[in-house]
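What the coordinates show
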Amino acid sequence: MEFQTCGKVAVMGGGSWATAIAKIVLCHEETIGWYMRRDDRIEDFKRLGHNPSYLTGLHFDTNRINFSSDINEIVRNYDTLIFVTPSPYLKSHLKKLKTSLRDKLVVTAIKGIVPDENITISHYFQQAFNVPEENVVCIGGPSHAEEVALDRLCYLTAGCRNLENAQVVADLLHNKFVLTSVSTDIEGIEFSAVLKNVYAIASGICHGLKYGDNFLAVLVCNCVQEMTRFLRTIEPEERSISDSAYMGDLLVTMYSNFSRNRMFGTMIGKGYSVKTAQLEMEMIAEGYYGTKCMKEINKIYHVNMPILDAVYNILYERIAPSVEIKILADSLR
């Protein structure tokens, strides 16, 4: 199905990236729907005029927003649904869904894998909710929510097998501080978004261990090579890994102080346990979950992925970061 317009647009999720997406969409749309799980958060948002927990400096005209904690109400009344919930919680949110998604334009701004299923978000919507492949669009970065809140220029790629639908979403998101492009490589964009979070944890671990910029440059080069090997194996279509949806998103996530995955990795490198790091951050580091999912997925493809393996060994096998990174460092070129 080809959508001529986005119709009525709703944001599905209440975190920092969902809040940034809402800001972007409201540059074009007069009103939006906004699904948030918790009624108390909605009431606080209406009272304060901003998200009470994320990007609190970003203010909204709440008269332009139809909030609801009822996912079925939002899905029933809106045409384009932008899902921005953390990947570990997606299934629990959608368990309550009784309304069909089949005729909706489903947009995923989730940079993760569905745990237990070990499939991309787009495939999950296709398999579990019978959404046609051409009706699923993914959004790729580089785009930190914190910079969107500050009107700093960012770049988004809308990926879909149907380029017309990708363009509809790209047009919705394009404004003076968001530049957009389109691609048919939805699977490549989704997997690269998962891997860049894993590699950002690796970057953070090395930073926590006091490895320097010289080593980080080599690590980045090897991450690009590893990502390229994997993407060529799972989806050997023509792509340029240097495009912003791949390398751009990888670089910003590995280098930026806004990167929660890099922050998580830094804490691990400094000696924090996984649980302690998660509690102190009070935010989801998707790369932690993505590491395990990618390790399971790669059991099928058998791609040489030493950086993924090293992060997995540190996070899940409890190998000392100093030991594991020393072994990895000796193998990099």
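This is a predicted model, so every value here is computed, not measured.

Each value, and the rule that gives it
Residues numbered from 1 in each chain as written. Predicted model: local features only at pLDDT ≥ 70, side-chain atom pairs only at ≥ 80, totals over all residues. Heavy atoms only, no water. Helix = DSSP H or I, 4+ residues; strand = E, 2+ residues; numbered from the N terminus. Rg over C-alpha atoms; globule rule 2.2 N^0.38 Å. Buried < 20%, exposed > 50% of the residue type's maximum accessible area, 1.4 Å probe, protein only. Areas by Shrake-Rupley, 256 points an atom, 1.4 Å probe, with all protein chains shown as cover. Lys, Arg positive; Asp, Glu negative; His and termini not counted. Charge placed at Lys NZ, Arg CZ, Asp CG, Glu CD. Salt bridge = Lys/Arg side-chain N within 4 Å of Asp/Glu carboxyl O. Core = buried A, V, L, I, M, F, W, Y, C linked by side-chain atoms within 4.5 Å. Contact = heavy atoms within 4.5 Å. Pairing = 2+ DSSP bridges. Right-handed = clockwise from strand over helix to strand, strands pointing away. Phe/Tyr/Trp six-rings, centres within 6.5 Å; stacked < 30°, edge-to-face > 60°. Axes fitted to C-alpha atoms, helices over the stretch in contact; angles between N-to-C directions. Disulfide = S-S within 2.5 Å. 1 Å grid on protein atoms, 1.4 Å probe; cavity = no way out; pocket = protein on both sides within 12 Å on 5 of 7 lines; lining within 4 Å. Points joined across faces, edges and corners; volume = space filled by probe spheres on them. Nonpolar A, V, L, I, M, F, W, Y, C, P; charged D, E, K, R; others polar.

What follows concerns the overall build of the chain. Tallying secondary structure elements over the chain gives 15 helices and ten strands in all. Compactness check: the chain gives a C-alpha radius of gyration of 19 Å against a globular reference of 20 Å for 333 residues, within 12% of the reference. The principal-axis extent of the C-alpha atoms belonging to the chain is close to 55 × 45 × 35 Å. Residue burial in the chain is summarised as follows: out of 333 residues, 56% are buried. Carbon and sulfur atoms make up 47% of the accessible area of the chain, which amounts to about 14,300 Å² in all. Averaging the locations of the 34 positively and 39 negatively charged side chains of the chain gives two centres separated by 6 Å.

Under the criterion given, the structure shown has 14 salt bridges. A network of salt bridges, in which partner residues are shared, links Glu133, Arg161, Glu235 and Glu237.

We now examine the nonpolar core. Grouped together as the largest cluster of nonpolar side chains are 73 residues, with contacts concentrated most on Phe125, Tyr199, Leu219, Phe230 and Phe264. It is helix α8 (residues 186–208) that contributes the most residues to this core, eleven residues altogether. Not counting residues up to four positions away in its chain, the partners in contact with Leu219 are Ala202, Ser203, Cys206, Met254, Ile307, Leu328 and Leu332. Of all hydrophobic cores here, the second largest spans 43 residues; its members include Val9, Ala18, Met36 and Val107.

The subject of this paragraph is the pairing of strand β9 (residues 154–159). In terms of burial, β9 is a largely internal element, five of the six residues being buried. Note that strand β8 (residues 136–140) and β9 share three bridges and pair antiparallel. Residue pairing across strands places Ile139 opposite Ala158, the latter belonging to β9. Where β9 meets strand β10 (residues 178–183), six bridges bridge the pair, whose relative direction is parallel. When the sheet's bridge partners are listed, Cys154 is paired in β10 with Val178. With helix α7 (residues 163–173) bridging β9 and the parallel β10, this β-α-β connection has right-handed handedness.

This part takes up the packing of aromatic side chains. Taken as a whole and judged by the stated rule, the model has 16 aromatic pairs. With a centroid separation of 5.7 Å and an interplanar angle of 25°, the aromatic rings of Trp34 and Phe67 are classed as stacked. Highlighted residues: Trp34 in strand β2 (residues 32–35) and Phe67 in strand β3 (residues 65–68), separated in sequence by 33 residues. Since its relative accessible area comes to 0%, Trp34 is described here as buried.

Overall, mixed pairing links the eight strands, which are arranged β3-β2-β1-β4-β5-β8-β9-β10 in an open sheet. One side of each edge strand has no neighbouring strand; the edge strands of this open sheet are β3 and β10. Sheet twist, expressed as the mean angle between neighbouring strand axes with direction ignored, is 20°.

Using the criterion set out here, one finds zero disulfides in the structure. Not part of a disulfide, Cys6 finds its nearest cysteine sulfur in Cys160, a span of 11 Å. We note that Cys160 lacks a disulfide partner, and the nearest cysteine sulfur, in Cys138, lies 8.5 Å from it.

Here the focus is the environment of Asp116. Here Asp116 lies in the loop between β6 (113–114) and β7 (119–120). With 180 residues separating them along the chain, Asp116 and Glu296 place their C-alpha atoms 9.6 Å apart.

Note that the residue after Gly141, namely Pro142, is joined by a cis bond; omega there is 10°. Mapping Pro142 onto the fold places it in the loop between β8 and α6 (145–149). Located in the positive-phi region is Leu55, a residue other than glycine, with phi close to 45°. If you trace the backbone, Leu55 turns up in the loop between α2 (39–48) and β3. In this model, His302 sits at a positive phi of 55°, which is unusual for a non-glycine residue. Residue position: His302 is located in the loop between α13 (286–301) and α14 (306–316).

The next subject is the pairing of strand β5 (residues 105–108). For a regular strand, side-chain orientation follows a simple rule: the groups alternate between the two sheet faces. Every second residue of β5 is oriented toward a common face, with Leu105 and Val107 on one face and Val106 and Thr108 on the other, all of them buried. When strand β4 (residues 80–83) meets β5, the two strands line up parallel, connected through four bridges. By the bridge assignment for β5, Phe83 is matched with Thr108.

Moving on, we come to empty space enclosed by the protein. Going through the model one piece at a time under the given rule, you end up with one cavity of 30 Å³ or more. Looking at the largest cavity, the residues that line it are Thr108, Ile110, Lys111, Gly112, Cys138, Ile139, Gly140, Ile189, Glu190, Ala193 and Val194. At the level of secondary structure, the elements contributing two or more residues to the lining of the largest cavity comprise β8 and α8. The element contributing the most residues to the lining of the largest cavity is α8, with four residues. Looking at the lining of the largest cavity residue by residue, the classes come out as six nonpolar, three polar and two charged.

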